[in-house]
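Each chain, written out:
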Amino acid sequence: MANHKSAEKRIRQTAKRRTRNMARRNRIRSSVRKFEDAMKAGDAQAAQAAFAQAMPELHRGVTKGVLHKKTAARKLSRLQKRLKALEA
């Protein structure tokens, strides 16, 4: 256990940050999962809507420091590629 006030505060901050980051990561995963479900169903319109919802979530994850910029770019690129293949 922490012996200093600053260390105790650090523990509180870290716990708060961790819960926030987990919630963000879950939101990102859920939006990508909705896209995956729409793709499996073969519904191009639902997949397009799910992609439009997943894109800002991934970008927000980068902004908030949950995801690396290139990780988000790679995921978006792969989702976009699959969407284009479904529409074609």
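Residues numbered from 1 in each chain as written. Predicted model: local features only at pLDDT ≥ 70, side-chain atom pairs only at ≥ 80, totals over all residues. Heavy atoms only, no water.

Visitor: Give me the nonpolar core: which residues, what numbers.
Guide: Of all hydrophobic cores here, the largest spans 14 residues; its most connected members are Phe-35, Ala-47, Phe-51, Leu-58, Leu-67, Leu-79 and Leu-83. Looking at this core, the elements with two or more residues in it are helix H1 (5-41), helix H2 (44-63) and helix H3 (69-87). The greatest single-element share of this core, amounting to 5 residues, is contributed by H1. Sequence-distant contacts of Leu-79, defined by excluding residues within four places in its chain, comprise Val-32, Phe-35, Glu-36, Phe-51 and Leu-58. (Core = buried A, V, L, I, M, F, W, Y, C linked by side-chain atoms within 4.5 Å. Buried < 20%, exposed > 50% of the residue type's maximum accessible area, 1.4 Å probe, protein only. Helix = DSSP H or I, 4+ residues; strand = E, 2+ residues; numbered from the N terminus. Contact = heavy atoms within 4.5 Å.)

Visitor: Just give me the short version of the pattern of salt bridges, but keep the residues and values in it.
Guide: Within this structure, the stated rule accounts for 3 salt bridges. Arg-27 is the partner of Glu-57 in a salt bridge, and the nearest nitrogen-oxygen pair spans 3.5 Å. Pair noted here: Glu-57 is in helix H2 and Arg-27 is in helix H1, with a separation of 30 residues, a long-range link. When the shortest N-O distance is used, the salt bridge between Arg-60 and Glu-57 registers 3.3 Å. (Salt bridge = Lys/Arg side-chain N within 4 Å of Asp/Glu carboxyl O.)

Visitor: Would you mind going over the packing of H1 against H2 in detail, with residue names and values included?
Guide: Relative placement of two packed helices is described by the angle separating their axes and the distance separating the axes. For the pair H1 and H2, the least separation of the axes is 8 Å and the interaxial angle reads 160°. Put simply, H1 runs roughly antiparallel to H2. Crossing angle aside, the handedness with which H1 passes H2 is left-handed. Mapping the contact onto sequence places Arg-27, Ile-28, Ser-31, Val-32, Lys-34, Phe-35, Ala-38 and Met-39 in H1 and Ala-46, Ala-47, Ala-50, Phe-51, Gln-53, Ala-54, Glu-57, Leu-58 and Gly-61 in H2. Partitioned by chemical class, the residues of the contact of H1 with H2 number 11 nonpolar, 3 polar and 3 charged. (Axes fitted to C-alpha atoms, helices over the stretch in contact; angles between N-to-C directions. Parallel < 35°, antiparallel > 145°, perpendicular 65-115°, else oblique. Left-handed = near helix turned anticlockwise from the far one by under 90°. Nonpolar A, V, L, I, M, F, W, Y, C, P; charged D, E, K, R; others polar.)

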